[in-house]
Amino acid sequence: MPLIPWDSFRNIDLWRRDLEKIFNEGLPEIGARLGFAIPRIDVFENEHEVIASCEIPGLDKKEDLHIDVDENMLTISGTIKQANEVKQEQIHRKERFVGRFQRSVSLPSRVQTEGTTATYRSGVLEVRMPKLKADTQRQIDVQFH
């Protein structure tokens, strides 16, 4: 039987991934039931930028949306207002969210705020953030005497 090296941090890493999955996938539905919203978000990257795509249906104007970017953290917050006034006793079913929402996610790479763009179309917010240019890595020549 081959020996496998013991990795004492393996279980901690698995536990961290499970917690992230619960918070990223399970909380949007739980939060909506408790009266606050945690919008669903996809984050991916290509060679030059990090892109976040977030579902936020029901926004009427850009003043209802606030986006903060800080190196490797993206925070999206705002308010969804009720489209029409309906008295509580007239409501038979209420599933759409109305109120404040906020979502913060860590980004896979450091990004720069300059050049970041955001577009809201058909209930989906897309934020494109250029990656921060890292110092170029170079090999150092070692002098042997």
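Here the structure is shown first, and the text comes after it.
Computed from a prediction, not measured in an experiment: that's the story for all the values here.

A. Summary view of the pattern of salt bridges. Taken as a whole and judged by the stated rule, the model has four salt bridges. Bridged by salt links that share partners, the residues Glu-49, Glu-126 and Arg-128 form one connected network.

B. Structural detail: the layout of surface pockets. Of the volumes computed, that of the second largest pocket is approximately 290 Å³. Contributing to the lining of the second largest pocket are 15 residues, with Gln-82, Asn-84, Lys-94, Arg-96 and Val-98 lying nearest its centre. Considered class by class, the residues forming the lining of the second largest pocket number six nonpolar, three polar and six charged.

C. Structural view of the sheet that holds strand β7 (residues 124–130). Strand order in the open sheet formed by four strands is β1-β2-β7-β6, with antiparallel pairing between adjacent strands. Both outer strands of the open sheet, β1 (41–45) and β6 (117–121), are each paired with one neighbouring strand and no more. In this sheet, adjacent strand axes meet at a mean angle of 15 degrees when their direction is disregarded. Relative to β7, strand β2 (residues 49–55) runs antiparallel, the two sharing seven bridges. Each bridged residue has a counterpart across the sheet, and for Glu-49 the counterpart in β7 is Pro-130.

D. Looking closely at the nonpolar core. Residues Ile-56, Leu-74, Ile-76 and Met-129 are the most contacted members of the largest nonpolar core, which totals 18 residues. Those elements that place two or more of their residues in this core are β2, β3 (65–70), β4 (73–80), β5 (99–106) and β7. Excluding residues within four positions of it along the chain, Ile-56 makes contact with Pro-39, Leu-65, Ile-76, Ile-80, Phe-101, Tyr-120, Gly-123 and Leu-125.

E. The arrangement of unusual backbone geometry in detail. A positive phi angle is found at Ser-122, which is not glycine, with a value near 55 degrees. Assignment of secondary structure puts Ser-122 in the loop between β6 and β7.

F. How the structure looks around the pairing of β3. Note that β3 and β4 share six bridges and pair antiparallel. Paired with Ile-67 across the bridge in β4 is Ile-76. Hairpin connection from β3 to β4: two residues lie between these consecutive antiparallel strands, with Glu-71 at a positive phi of about 50 degrees.

G. A look at the sheet that holds β5. Spatial ordering of the open sheet is given by β3-β4-β5, a layout of three strands whose pairing is antiparallel. On the outer flanks of this sheet lie β3 and β5, each paired with one strand and no other. The mean inter-strand angle of the sheet, taken between neighbouring strand axes irrespective of direction, is 10 degrees.

Conventions used here
- Residues numbered from 1 in each chain as written.
- Predicted model: local features only at pLDDT ≥ 70, side-chain atom pairs only at ≥ 80, totals over all residues.
- Heavy atoms only, no water.
- Salt bridge = Lys/Arg side-chain N within 4 Å of Asp/Glu carboxyl O.
- 1 Å grid on protein atoms, 1.4 Å probe; cavity = no way out; pocket = protein on both sides within 12 Å on 5 of 7 lines; lining within 4 Å.
- Points joined across faces, edges and corners; volume = space filled by probe spheres on them.
- Nonpolar A, V, L, I, M, F, W, Y, C, P; charged D, E, K, R; others polar.
- Pairing = 2+ DSSP bridges.
- Helix = DSSP H or I, 4+ residues; strand = E, 2+ residues; numbered from the N terminus.
- Axes fitted to C-alpha atoms, helices over the stretch in contact; angles between N-to-C directions.
- Core = buried A, V, L, I, M, F, W, Y, C linked by side-chain atoms within 4.5 Å.
- Buried < 20%, exposed > 50% of the residue type's maximum accessible area, 1.4 Å probe, protein only.
- Contact = heavy atoms within 4.5 Å.

Fair warning: the whole summary comes from geometry, so function is off the table for now.
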